[in-house]
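One-letter residues, chain by chain:
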Amino acid sequence: MPRSSRGDHSDRAAGAVSPNGRPVLAARFAVPAVPKTYVGRARLTDRLTAALNTPLTLVNGPAGAGKTLLVADWITPHRTPWPVVWLTVETDDNAPGVFWAYVIDAFAHHGLPLPADIGRPARPGEVDRMLLVRLAAHLNGLAEPVVLVLDEFDRVRAPRISDEIEFVLRHAGAGLRLILVGRTEPLLPLHRYRAAGEVTEIRAADLAFQPGETAVLAERHGLSLTADGVRALTERTEGWAAGLRLCVLTALHADDPEDFLGEFEAGHSTIADFLLAEVLASRSDEVQDLLLRTSVLDRIHPDLANALTGRDDAAQVLAELARDNAFVQPIGHSWYRLHPLFAEILQAHLRVRHPGLEPGLHLAAAHWLSDAGLLAEALSHAARAGDWELAAAQLVDKLAIGRLFTGLDSDRLAELFAHMDATAAGPAVDLVRAARALARNDADRGLDCLRRAERELPADCPPTTRFTWAFLRVLAGRVTGSAELAEAAARDARALEGRIPTEGREDHPELSALLLTGLGTAQLAAGRFEAARVNLSAAARTGDGSLTAFPRHESLGRLALIDFLEGWPSRAEAHGCEALAEAERAGLPPAARSGVGQLVLAGVAVERDDLASARTRLEQVADSPALAQDPVATAELGILRARLRLAQGRPGAALKALGPPEGPAPAAPVPPWMEDRLAWAESAAHLAAGDPQAALKSLRDHESGPEYTVAAARARLALGEHGTALALLDALAPDDPHREAPAFAVRILLTRAQAVDAAGDATAARRLVARALTTARPEHLRRPFLETGPWLPGLLRREPTLAHSHDWLPTALLGASRPAARGAPAAAPVVEQLSDREQQVLERLAQLMSTEEIAADLYLSVNTVKTHLKSIYRKLAATRRGEAVRRARELHLL
């Protein structure tokens with residue numbers, strides 16, 4: 001029969017006196033009452049029950065962590081099979097005689113009186129060693145163990161008592177299970193217990209409330225919170241039990257509890273009263289001063305703390321505070337952090353005790369962190385000190401301006417400098433303002449700031465400053481679409497590179513990657529494809545790392561676009577897939593992706609007549625903010641939408657898709673060569689609508705290149721002017737490299753075949769179609785054949801042998817002679833292979849299992865399954881379950 005006590009034997013200690021002559025306080029033997037609002041947590045009480053397999057258990061955490069109530073709640077008959085003895089320790093117990101007298105009385109109080117021959121200490125300052133021997137021997141002989149709980153054990157500081165406890169515990173064998181509850185680690189040789197697996201430890205992190213437990217706590221107090229409110233409250237308090245309860249109690253009196261919890265000032269709350277009394281007040285004036293001054297830091301290094309306090313013992317003080325669970329936590333590599341609520345309260349207290357000191361502390365921290373090479377943190381403190389000139393100068397001098405554009409810190413830095421004081425001035429400030437404007441594609445403001453910075457730059461300014469100015473001008477050329485500006489600025493930047501310390505360049509690989517990408521993008525916009533290809537290829541080859549991930553992703557996407565524009569679909573597809581894979585590998589968020597790679601893959605899908613894939617990819621890039629700022633990509637998006645509508649037999653919708661895009665226009669205009677592409681697309685739409693005159697009119701001011709020739713020749717063929725069409729094709733420059741590109745070569749061959757067939761030369765037409773088929777087969781270019789209208793099916797009916805060995809052609813062309821199994825269009829390749837777990841989810845998806853059923857079958861959470869589903873949809877270019885399963889079957893994944 002389990003036995004435990006909650007004070008039902010209190011009369012046994014009545015009248016007893018401890019060795020120091022004071023009455024024994026029976027209340028110290030009582031198990032604390034657990035309030036009705038207490039939230040029992042099985043994950044912790046189960047650990048305590050399991051802990052009975054080890055002789056020693058530590059429940060260790062800061063004040064208010066819920067240590068005592070956890071153990072008190074656990075002491076119930078169904079959880080504790082053995083008798084429990086409870087003693088709450090006091091500071092007077094540092095006298096060994098007093099401590100052991102209370103332990104012996106605690107056994108008696110809980111109905112387990114020890115044999116009289118064990119004895120009782122006679123003097124407060126010592127205990128007979130034989131008493132401890134007899135006590136250990138008695139416990140070792142018990143039929144079932146006794147669980148001894150010593151609460152508030154951190155009050156025992158006497159090493160001698162710890163030695164004596166360790167002696168009894170070691171010799172009591174299986175007869176004693178000791179649970180020590182306290183804020184600090186006991187002075188026992190814990191390393192031995194840990195090495196032997198004989199200790200169970202429940203620490204502050206274990207005691208912290210999880211969101212679900214916070215929700216229950218709030219409900220027990222009559223407070224209803226949304227899931228977001230629960231999560232925010234848990235995060236702000238980091239699950240600290242007392243902080244949670246005090247927050248909830250205070251919020252009960254607020255008009256809008258959820259808003260209150262999101263905005264309340266911890267420095268002026270009951271939490272502040274608790275922490276100041278329980279944690280700060282118990283420390284010396286010197287330690288309090290260190291805590292107050294370092295409260296302005298996000299993380300604390302002992303040397304930084306010494307710099308802020310003018311002392312030299314911060315390492316020792318911080319270690320002691322961490323050991324005492326005084327809301328100071330070690331975070332590795334000699335760094336510490338304050339609990340965020342404690343830091344907030346200390347900052348409020350700092351402003352009261354030392355008005356005006358805070359900015360100076362931030363400034364000192366900024367200089368120390370900068371000297372230590374921790375630029376991001378240095379900038380944050382310089383900003384909090386209000387010294388924007390220092391913050392901007394640090395960013396420029398350290399060659400870190402590129403981090404406003406890329407890397408994990410880019411959003412944080414952009415947000416930091418968004419608050420830059422309007423009165424701040426100087427060349428560094430203007431360079432930072434220019435960078436922020438260019439990052440937002442605000443070309444006018446960016447150029448204004450660059451011009452002002454140029455006027456302010458002294459002749460002897462550091463090369464890093466002048467290099468930053470040149471670097472930003474390259475990016476300005478990109479935003480404005482001015483290849484001349486970008487190329488001139490790039491020459492200036494390269495001339496300065498030799499004057500910049502090698503380590504500076506090596507520490508900032510993003511500068512070179514961004515410069516090459518910006519230069520290549522400006523050259524692409526200007527139609528200088530070969531120069532753009534050289535620079536974008538160099539950018540794509542920059543080293544791995546988060547700082548260069550975005551320029552690598554962007555340059556690969558633009559290389560894909562160049563390949564596509566030059567008529568090489570497979571090359572374009574390879575670069576497009578690389579761009580997407582790079583974004584996935586680097587974990588770039590959707591808003592940070594350029595969308596160009598996806599756009600090119602849509603174009604390749606149109607060429608191959610995989611209209612479902614093309615539509616899905618175009619929908620995915622339609623809302624891309626980066627794409628909307630790119631005039632070339634925006635125009636190509638309109639063209640591909642139009643081509644998709646044409647493929648669906650909707651020429652009216654195609655013409656509409658070529659109209660001005662919705663939303664704000666990009667900073668740069670659509671370049672002339674892109675206007676040509678728009679005209680060719682418009683011409684094709686008019687021709688499909690049966691209006692060859694309108695098709696010719698669209699081409700009137702765009703008379704160059706193979707695209708124009710093919711479009712004009714087709715319009716002439718539609719008018720019955722096959723001679724004129726042939727003349728146009730004959731006029732194509734024989735050395736035009738575009739003639740060899742598959743997408744152009746196939747269209748030229750087919751248009752010529754149609755013209756010579758109309759002229760009555762069926763043999764020549766047959767030969768030209770055969771060449772077109774041979775050229776198109778490696779790329780699976782189906783769209784050019786479908787664009788010829790009813791002429792080609794007629795020819796293939798007359799010459800069925802032409803289509804032999806070309807079962808990749810669409811059914812509409814092959815007709816009834818085509819094997820049914822080969823009728824479906826080839827599936828687009830998978831950009832990225834499914835993971836093992838995604839494959840398992842896909843297989844269950846094909847079995848029509850619900851999300852919840854898949855989660856249960858695979859022992860996953862529903863949210864995890866949803867995440868896998870999103871990834872599967874993306875990789876298969878699908879938007880819904882049925883489509884994903886169909887695509888997977890096409891790709892033989894099922």
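These numbers come from a predicted model, not from an experiment.

A.B. asks: Tell me about the pairing of strand E3 (residues 146-151), and name the residues and values.
C.D. replies: Among the six residues in E3, six count as buried, and that is most of the element. Neither face of E3 is exposed, since Val146, Leu148 and Leu150 on one face and Val147, Val149 and Asp151 on the opposite face are all buried. Alignment of E3 against strand E4 (residues 176-182), held across five bridges, turns out to be parallel. Its bridge partner being in E4, leucine 150 is matched across the sheet by leucine 180. Between E3 and its parallel partner E4, the chain crosses via helix H5 (residues 159-172), and the hand of that crossover is right-handed.

A.B. asks: So what's going on with the environment of aspartate 298? Which residues, and what values?
C.D. replies: On the secondary structure map, aspartate 298 appears in the loop between helix H13 (285-294) and helix H14 (302-309). A relative accessible area of 53% means that aspartate 298 is categorised as exposed. For the pair aspartate 298 and phenylalanine 550, spaced 252 residues apart in sequence, the C-alpha separation works out to 28 Å. What aspartate 298 contacts, discounting residues up to four positions off in sequence, is Arg337, His381 and Arg384.

A.B. asks: Residues and numbers for the packing of aromatic side chains, please.
C.D. replies: According to the stated counting rule, one finds nine aromatic pairs in the structure shown. Ring plane angle 55° and centroid distance 5.9 Å describe the contact between tryptophan 388 and phenylalanine 417, whose orientation is recorded as tilted. You can see tryptophan 388 sitting in helix H19 (residues 388-397) and its partner phenylalanine 417 sitting in helix H20 (residues 410-418), a full 29 residues away along the chain. Exposure remark for tryptophan 388: the relative accessible area of 7% places this residue in the buried category. An aromatic cluster is present here, built from Trp240, Phe327 and Phe342 joined pairwise through their rings. Above the ring of phenylalanine 167, the side-chain terminus of arginine 129 is found at 4.1 Å from the ring centroid. If you follow arginine 571 out to its NZ or CZ, it ends over the ring of tryptophan 568, 3.9 Å from the centre.

A.B. asks: Hey, could you go over the pattern of salt bridges for me, with residue numbers and the actual values?
C.D. replies: One pass over the full model with this rule turns up 52 salt bridges. As a salt-bridge pair, aspartate 324 and arginine 283 come within 3.2 Å of each other at their nearest N and O atoms. With aspartate 324 in the loop between helix H15 (314-323) and strand E6 (328-332) and arginine 283 in the loop between helix H12 (270-280) and H13, this pair connects stretches of sequence that are 41 residues apart. Its relative accessible area of 15% is what places aspartate 324 among the buried residues. On the basis of relative accessibility, which here comes to 23%, the residue arginine 283 falls in the partly exposed class. Salt-bridge contacts for aspartate 448 lead to arginine 451; the nearest nitrogen and oxygen are separated by 2.7 Å. Of this pair, aspartate 448 and arginine 451 both sit in helix H22 (residues 443-456), separated by three residues, roughly a single helical turn.

A.B. asks: Which residues make up the domain arrangement of the protein, and what values do they have?
C.D. replies: Looking at the protein, the domain boundaries give domain 1 (24-205), domain 2 (208-262), domain 3 (263-349), domain 4 (355-482), domain 5 (702-808) and domain 6 (834-889). When each unit is reduced to the centre of its C-alpha atoms, the spacing between domain 3 and domain 5 is 78 Å.

A.B. asks: So what's going on with the pairing of strand E1 (residues 56-60)? Residues and values would help.
C.D. replies: Each regular strand shows side chains that alternate between the opposite faces of the sheet. Burial analysis of E1 places five of its five residues in the buried class, the great majority of the element. Burial along E1 is two-sided: the residues Leu56, Leu58 and Asn60 and Thr57 and Val59 are all buried.

A.B. asks: Quick rundown of helix H18 (residues 375-384)? Include the residues and the values.
C.D. replies: Where burial is concerned, most of H18 is hidden: seven out of the ten residues are buried. Within the sequence span of H18, burial applies to Leu375, Ala378, Leu379, Ser380, His381, Ala382 and Ala383. Buried residues along H18 sit in contact with helix H17 (358-371), H19 and H20. Backbone geometry just downstream of H18 places glycine 386 in the positive-phi region, at approximately 80°.

A.B. asks: Could you give an account of the sheet that holds strand E5 (residues 199-202), naming the residues involved and the relevant values?
C.D. replies: As summarised here, the arrangement of the five strands in space is E2-E3-E4-E1-E5, forming an open sheet in which the pairing is parallel. What marks the edges here is a single partner per strand, and that holds for strand E2 (84-88) and E5. Neighbour-to-neighbour, the strand axes of this sheet turn through a mean angle of 15°, independent of strand direction. Sheet topology note: the E2/E3 ladder contains five bridges and is parallel. Opposite leucine 87, over in E3, you have leucine 150 as the bridge partner. Across the face of the sheet, helix H2 (residues 67-74) comes into contact with E1, E2, E3 and E4 while running at roughly 150° to E4.

A.B. asks: Describe the packing of helix H8 (residues 211-220) against helix H9 (residues 227-237), and please don't skip the residues or the numbers.
C.D. replies: Look at H8 against H9: their axes get within 9 Å of each other, and the N-to-C directions meet at 105°. It follows that H8 is roughly perpendicular to H9 by the angle criterion. Contacts from Pro211, Thr214 and Ala215 of H8 reach H9 at Val230, Leu233 and Thr234. Of the residues assigned to the contact of H8 with H9, the class counts are four nonpolar, two polar and no charged.

A.B. asks: Give a detailed account of the confidence of the model for the protein, specifying residues and quantitative values.
C.D. replies: In regions of low pLDDT, the predicted coordinates are not meant to be interpreted in detail. Of the residues in the protein, 95% reach a pLDDT of 70 or more, and the chain-wide mean stands at 87. For the stretch residues 1-11, pLDDT sits under 50, and the model shows 24 contacts to residues farther than four places along the chain or on other chains. Residue range residues 816-827 is modelled with pLDDT below 50. Its contacts to residues more than four positions away, or to other chains, number 16 contacts.

A.B. asks: Could you give me a rundown of the state of the cysteines, with the residues and numbers involved?
C.D. replies: Scanning the entire structure with this criterion turns up zero disulfides. Free cysteine: cysteine 449, not disulfide-bonded; nearest cysteine sulfur from cysteine 461 at 17 Å.

A.B. asks: Account for the environment of alanine 583, naming residues and giving values.
C.D. replies: With respect to the helices and strands, the residue alanine 583 is situated in helix H29 (residues 569-586). Residue alanine 583 is classed as buried on the basis of its relative accessible area, which comes to 0%. Considering only alpha carbons, one finds alanine 583 and alanine 549, 34 residues apart in sequence, at a separation of 7.2 Å.

A.B. asks: With reference to specific residues and values, describe the nonpolar core.
C.D. replies: Residues Phe417, Phe471 and Leu472 are the most contacted members of the largest nonpolar core, which totals 54 residues. Looking at this core, the elements that each hand over two or more residues are H18, H19, H20, helix H21 (427-439), H22, helix H23 (463-480), helix H24 (483-497) and helix H26 (509-525). Residue contributions to this core peak at nine residues, all from H23. Not counting residues up to four positions away in its chain, the partners in contact with phenylalanine 417 are Leu379, Trp388, Ala391, Ala392, Leu395, Leu404, Val432 and Arg436. Leu244, Val279, Leu291 and Val317 belong to the second largest nonpolar core, which has 53 residues in total.

A.B. asks: Could you give me a rundown of the side chain of threonine 214, with the residues and numbers involved?
C.D. replies: By the element assignment, threonine 214 lies in helix H8. Among all residues touching threonine 214, those that are not within four sequence positions of it are Phe209, Val230, Leu233, Thr234 and Leu244.

A.B. asks: So what's going on with the packing of H18 against H19? Which residues, and what values?
C.D. replies: When two helices pack together, you describe them by how their axes are tilted relative to each other and by the distance separating the axes. Between H18 and H19, the shortest axis-to-axis distance is 8 Å and the interhelical angle comes to 160°. Compared by their axis directions, H18 and H19 come out roughly antiparallel. Every pair of crossing elements has a handedness; the one defined by H18 and H19 is left-handed. Mapping the contact onto sequence places Leu375, Leu379, Ala382 and Ala383 in H18 and Trp388, Leu390, Ala391, Gln394 and Leu395 in H19. Class assignment of the residues belonging to the contact of H18 with H19 gives a composition of eight nonpolar, one polar and no charged.

A.B. asks: Which residues make up the environment of leucine 178, and what values go with them?
C.D. replies: Its place among the elements puts leucine 178 in strand E4. As a C-alpha pair, leucine 178 and proline 330 span 152 residues in sequence and 28 Å in three-dimensional space. Aside from chain neighbours lying at most four places away, what touches leucine 178 is Pro55, Leu56, Thr57, Leu148, Leu150, Ile165 and Leu169.

A.B. asks: Please provide a residue-by-residue account of a negative patch on the surface, values included.
C.D. replies: Residues Asp255, Asp256, Asp259 and Glu263 make up a contiguous surface patch of negative charge. Within the secondary structure, aspartate 259 sits in helix H11 (residues 257-263). Judged by relative accessible area, aspartate 259 falls into the partly exposed class, the value being 44%.

Quick notes on the rules
- Residues numbered from 1 in each chain as written.
- Predicted model: local features only at pLDDT ≥ 70, side-chain atom pairs only at ≥ 80, totals over all residues.
- Heavy atoms only, no water.
- Buried < 20%, exposed > 50% of the residue type's maximum accessible area, 1.4 Å probe, protein only.
- Helix = DSSP H or I, 4+ residues; strand = E, 2+ residues; numbered from the N terminus.
- Pairing = 2+ DSSP bridges.
- Right-handed = clockwise from strand over helix to strand, strands pointing away.
- Contact = heavy atoms within 4.5 Å.
- Phe/Tyr/Trp six-rings, centres within 6.5 Å; stacked < 30°, edge-to-face > 60°.
- Lys NZ or Arg CZ within 6 Å of the ring centre and 35° of its normal.
- Salt bridge = Lys/Arg side-chain N within 4 Å of Asp/Glu carboxyl O.
- Domains from an automatic or database assignment.
- Axes fitted to C-alpha atoms, helices over the stretch in contact; angles between N-to-C directions.
- Parallel < 35°, antiparallel > 145°, perpendicular 65-115°, else oblique.
- Nonpolar A, V, L, I, M, F, W, Y, C, P; charged D, E, K, R; others polar.
- pLDDT = per-residue confidence, 0-100.
- Disulfide = S-S within 2.5 Å.
- Core = buried A, V, L, I, M, F, W, Y, C linked by side-chain atoms within 4.5 Å.
- Left-handed = near helix turned anticlockwise from the far one by under 90°.
- Patch = residues over 30% accessible without salt bridge, like charges linked within 9 Å, V, L, I, M, F, W, Y side chains within 5 Å.
- Areas by Shrake-Rupley, 256 points an atom, 1.4 Å probe, with all protein chains shown as cover.
- Lys, Arg positive; Asp, Glu negative; His and termini not counted.
- Charge placed at Lys NZ, Arg CZ, Asp CG, Glu CD.

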